[in-house]
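# Results of the structural survey
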Amino acid sequence: MPQRTIRGVTIECVQGDIANQADMDAVINAANARLVIGGGVAGAIHRAAGPGLEAECRPLAPIRPGEAVITGAHNLPNRHVIHCLGPVYGVDEPADELLSSCYRNALRLAEENRLRSVAFPAISTGVFGYPAEPAARVAFRTILDSLENLSSVTHIRFVLFNDADRKLHDRMLQELAGPES
Ligand code: AR6
């Protein structure tokens, strides 16, 4: 079953576009340090949000690997965008801790802003070169470890660009979450 509810939080993996998640309170941006439009996720999000997003981001930049900041969503169909800077694989170390910090900090900001639902892309696994499987392990370990701290967030969605990545994330979620109780 590609959806799990643990400690009252539903976690799911879907194939799709992070900029087209209208039912979620926030989407997470796999950002660059300057918080400007880029390729991949940062391109899709900024194109859909419009230039107001870059304007709001300007005074918040630069951010460092592992950090996250929150803004409005402008023309996106969400309330907020949470911008995370993932580690560049092989450059920013320790990569696993920095990637984990992205997920932890994004969830902390979602809680502080009383959000109920957040959609994550697979941070760092595109241009930044983090291999998909270890990145998925870090992502789900961090999220599962964070569940006890969540009171507002009840829905976490992973949005994967292709079916192979969705299957990989489904499998990793089942492996780390253990058998359904
Ligand atoms: N929706 C969901 N997932 C996507 C989408 C989309 N629209 N587009 C790509 N992916 P990336 P990073 C997948 O490169 O590795 C940018 O240029 C993609 O297949 O967006 O953290 C920024 O400006 C991959 O699996 O993020 C930064 O400079 C994953 O999302 C840099 O790239 C992340 O790919 C950030 O690199």
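Notes on the structure follow. On a predicted model such as this, the values are computed, not experimentally measured, just so you know. (Residues numbered from 1 in each chain as written. Predicted model: local features only at pLDDT ≥ 70, side-chain atom pairs only at ≥ 80, totals over all residues. Heavy atoms only, no water.)

This part takes up the site of the ligand. As a structural note, the neighbourhood of the ligand is formed by 21 residues, with Asn32, Gly39, Val41, Thr125 and Gly126 the closest of them. Within the contact set of the ligand, a nitrogen atom lies 2.9 Å away from a side-chain nitrogen or oxygen of Asp17. Between the ligand and the protein, one listed contact pairs an oxygen atom with a backbone N or O atom of Gly39 at 2.7 Å. Bound to the protein, the ligand loses 89% of the 700 Å² it would expose on its own. Residue contributions to the shell around the ligand peak at four residues, all from helix 1 (residues 40-49). (Near = heavy atom within 4 Å. Polar contact = N/O pair within 3.5 Å; in protein donor to acceptor, adjacent residues only side chain to side chain. Areas by Shrake-Rupley, 256 points an atom, 1.4 Å probe, with all protein chains shown as cover. Helix = DSSP H or I, 4+ residues; strand = E, 2+ residues; numbered from the N terminus.)

With that settled, consider the pattern of salt bridges. Under the definition given, this model contains 11 salt bridges. Measuring nitrogen to oxygen at the nearest pair gives 3.7 Å for the salt bridge that ties Arg79 to Asp25. Separated by 54 residues along the polypeptide, Arg79 in the loop between strand 4 (68-72) and strand 5 (80-84) and Asp25 in the loop between strand 2 (9-15) and strand 3 (26-30) bring together distant segments of the chain. You can call Arg79 partly exposed: its relative accessible area is 46%. When its relative accessible area of 13% is taken as the criterion, Asp25 is described as buried. A salt bridge links Asp170 to Arg166; the nearest nitrogen and oxygen atoms lie 2.6 Å apart. Placement of both Asp170 and Arg166 in helix 5 (residues 163-177) is noted, with a separation of four residues, approximately one turn of the helix. The network of salt bridges with common partners includes Asp163, Arg166, Lys167 and Asp170. (Salt bridge = Lys/Arg side-chain N within 4 Å of Asp/Glu carboxyl O. Buried < 20%, exposed > 50% of the residue type's maximum accessible area, 1.4 Å probe, protein only.)

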